[in-house]
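Given next are the chains, with one letter for each unit.
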Amino acid sequence: MAGRQRLLLENAQQLVLVCARGEECLRREGACSLAVLRNASLDGCIKAVGQAGVIRNQFSGTTFERIIDCSGKCVLPGLVDAHTHPVWAGDRVHEFAMKLAGASYMEIHQAGGGIHFTVEHTRKATEEELFNLFKDRLERMRRAGSTLVECKSGYGLNLETELKMLKVIERAKQSMDIGISSTYCGAHSVPKGKTATEATDDIINNHLPKLKELQLSGEIHVNNIDVFCEKGVFDLDSTRRILQAGKDIGLQINFHGDELHPMKSAELGAELGARAISHLEEVSDEGIMAMARAKCAAVLLPTTAYMLRLKQPRARKMLEEGVIVALGSDFNPNAYCFSMPMVMHLACVNMKMSMNEALAAATINAAYALGKSDTHGSLETGKQGDLLIINSSRWEHLIYQFGGHEALIDYVIVKGKVVYQNERCGITSSY
């Protein structure tokens, strides 16, 4: 039928459906199939999930344009990376040696490195240069299983460069087969030559009105607003003002909080109705309980604690109190990691999460943190057909194999379209 495509995944050893919360991870064992329909009315949505025989009978009169035999393999939801900084120019590999020698994040920052180093190079880069760098990074994320990625601006710190970054993100939204949730993060750092109060006023009086204008004209579509709420950066009052102003123009609140110092960011986020707060290495018990009550997701970033040798976020305490725990890679020049399977592994080893909890945190809960859990994050009829097929009879290998995803992931599928097929697919034996 013209304009219509059907994809059938059949005979999977495991279909890992993923549940909405908690320890239980729903899955179906043995000869399971899944059908995805792509047409004008059902744009790459999952049409049916179930036992192979049932699906075969249900679609007995249907011609599938592509059938993938998943015998001995597992099908999982596409991974969701809930926190990244992927649009920038310049390279900070030299800072890694400084960190290894004992320099702290803020010491590097105050010496002109860190964010300010990247800002200088990003301001000089053309939109085309930034887009090509960003496109390559997204492709690497996709090969590692990410099908929905949150992408921030924040290496401009002036209106011109912030908009340049947001336009690059918009281009990728329109041209690439990967889901993107875009975030305005103009309050990522205080620009050189400005005080935090002056930077806050500039964002509220100049950046956000221009952002609203471009949103209304359809030039860009921004989903979230972010602020780096931190000692020596944006204090609680400035953070409140910026986040409220962003909320007033329709942006979801999704910000950095309680990373290096206890700032009561979690309490503020809960009060403002934040969708999510990231980092939270220094969150208070009261902040954890406030987030649980407000159903505000905690986006935990095990790469950051690992790279900066910080204490680990208290994932177990958050889970016990009923906080919705999500995961992100925090991909940026300081934490250069594209791989959500590695993030899940670190979450299990260093934050004491179970594999079930880590998978839920990297799928349905990460989708919740981006306001997209109604369409992404689990294998359910009517949800978007974003899927992984891995070359193993047990899904846990995706987490167990630290850095092994290059040989393990056979297919990445977005909206029912195969966007990555491992060139070794069908050659390597099942793990």
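Residues numbered from 1 in each chain as written. Predicted model: local features only at pLDDT ≥ 70, side-chain atom pairs only at ≥ 80, totals over all residues. Heavy atoms only, no water.

By the naming in an unreviewed UniProt entry, the protein goes by Probable imidazolonepropionase and is assigned to Pterocles burchelli. As recorded by UniProt, the Sequence similarities (unreviewed entry) comment attached to the protein reads in full: "Belongs to the metallo-dependent hydrolases superfamily. HutI family." Taken directly from UniProt, the Catalytic activity (unreviewed entry) text for the protein runs: "4-imidazolone-5-propanoate + H2O = N-formimidoyl-L-glutamate". (UniProt positions renumbered as here; feature names shortened; annotations may be inferred.)

### Let's talk about the confidence of the model for the protein
Summarising the model, the protein shows a mean pLDDT of 92, and 93% of its residues fall at 70 or more. The low-confidence segment residues 20-26 (pLDDT under 50) makes 17 contacts with residues lying over four places distant or belonging to another chain. (pLDDT = per-residue confidence, 0-100. Contact = heavy atoms within 4.5 Å.)

### Observations concerning the environment of Leu251
By the element assignment, Leu251 lies in the loop between helix H8 (236-248) and strand E10 (252-257). Judged by its relative accessible area of 4%, Leu251 is buried. Sequence separation between Leu251 and His207 is 44 residues, and the spatial gap between their C-alpha atoms is 13 Å. Setting aside residues no more than four positions away along its own chain, Leu251 makes contact with Leu211, Gln215, Val222, Asn223, Asn224, Ile225 and Gly246. (Helix = DSSP H or I, 4+ residues; strand = E, 2+ residues; numbered from the N terminus. Buried < 20%, exposed > 50% of the residue type's maximum accessible area, 1.4 Å probe, protein only.)

### Notes on the pattern of salt bridges
Tallying each qualifying case throughout the model produces 18 salt bridges. The salt bridge involving Asp285 is made with Arg314; its shortest N-O contact spans 2.8 Å. One end of the pair, Asp285, is in helix H10 (residues 285-294); the other, Arg314, is in the loop between helix H11 (302-308) and helix H12 (315-321), and 29 residues separate them in sequence. A salt bridge links Arg394 to Glu396, with the nearest nitrogen and oxygen atoms 3.4 Å apart. (Salt bridge = Lys/Arg side-chain N within 4 Å of Asp/Glu carboxyl O.)

### Some remarks on helix H13 (residues 340-350)
Across the 11 residues that make up H13, a large majority, 8, are buried. Residues Met340, Pro341, Val343, Met344, His345, Leu346, Ala347 and Cys348 constitute the buried set of H13. The opening residue of H13, the one whose side-chain oxygen lies 3.2 Å from the backbone nitrogen of Met342, is Ser339. Where H13 terminates, the next one or two residues include Lys352, which has phi positive at roughly 60 degrees. (Polar contact = N/O pair within 3.5 Å; in protein donor to acceptor, adjacent residues only side chain to side chain.)

### Focus on the side chain of Lys164
Counting through the fold element by element, Lys164 comes out in helix H6 (residues 159-175). Buried charge Lys164 goes without a salt bridge, the closest partner of opposite sign being Glu160 at 6.2 Å. Filtering out sequence-adjacent residues up to four positions away, Lys164 remains in contact with Thr122, Arg123, Ala125, Thr126, Glu127 and Leu130. (Lys, Arg positive; Asp, Glu negative; His and termini not counted.)

### Section: empty space enclosed by the protein
If you walk through the whole model with that rule in mind, you get 4 cavities of 30 Å³ or more. The space that makes up the largest cavity amounts to roughly 140 Å³. Lining the largest cavity are 15 residues, with His85, Tyr105, His188, Asp330 and Asn332 sitting closest to its centre. Counted by class, the lining of the largest cavity contains 5 nonpolar, 7 polar and 3 charged residues. (1 Å grid on protein atoms, 1.4 Å probe; cavity = no way out; pocket = protein on both sides within 12 Å on 5 of 7 lines; lining within 4 Å. Points joined across faces, edges and corners; volume = space filled by probe spheres on them. Nonpolar A, V, L, I, M, F, W, Y, C, P; charged D, E, K, R; others polar.)

### Digging into the layout of surface pockets
What the largest pocket holds in volume is close to 670 Å³. Taken together, 33 residues make up the lining of the largest pocket; nearest its centre are Met307, Ala335, Tyr336, Cys337 and Met342. Contributions of two or more residues to the lining of the largest pocket are made by helix H2 (93-100), helix H3 (105-110), helix H5 (127-143), H11, H13 and helix H17 (405-408). For the lining of the largest pocket, the element with the most residues is H11, which contributes 4 residues. Split into classes, the residues belonging to the lining of the largest pocket amount to 20 nonpolar, 6 polar and 7 charged. Each of domain 1 (4-22 + 34-77 + 377-421) and domain 2 (79-370) gives at least three residues to the lining of the largest pocket. In this model, the second largest pocket occupies a volume close to 320 Å³. As for the second largest pocket, its lining consists of 17 residues, and the residues nearest its centre are Lys173, Ile178, Gly179, Gln384 and Lys415. Those elements that place two or more of their residues in the lining of the second largest pocket are H6 and strand E8 (179-187). Among the residues forming the lining of the second largest pocket, the class breakdown is 5 nonpolar, 5 polar and 7 charged. (Domains from an automatic or database assignment.)

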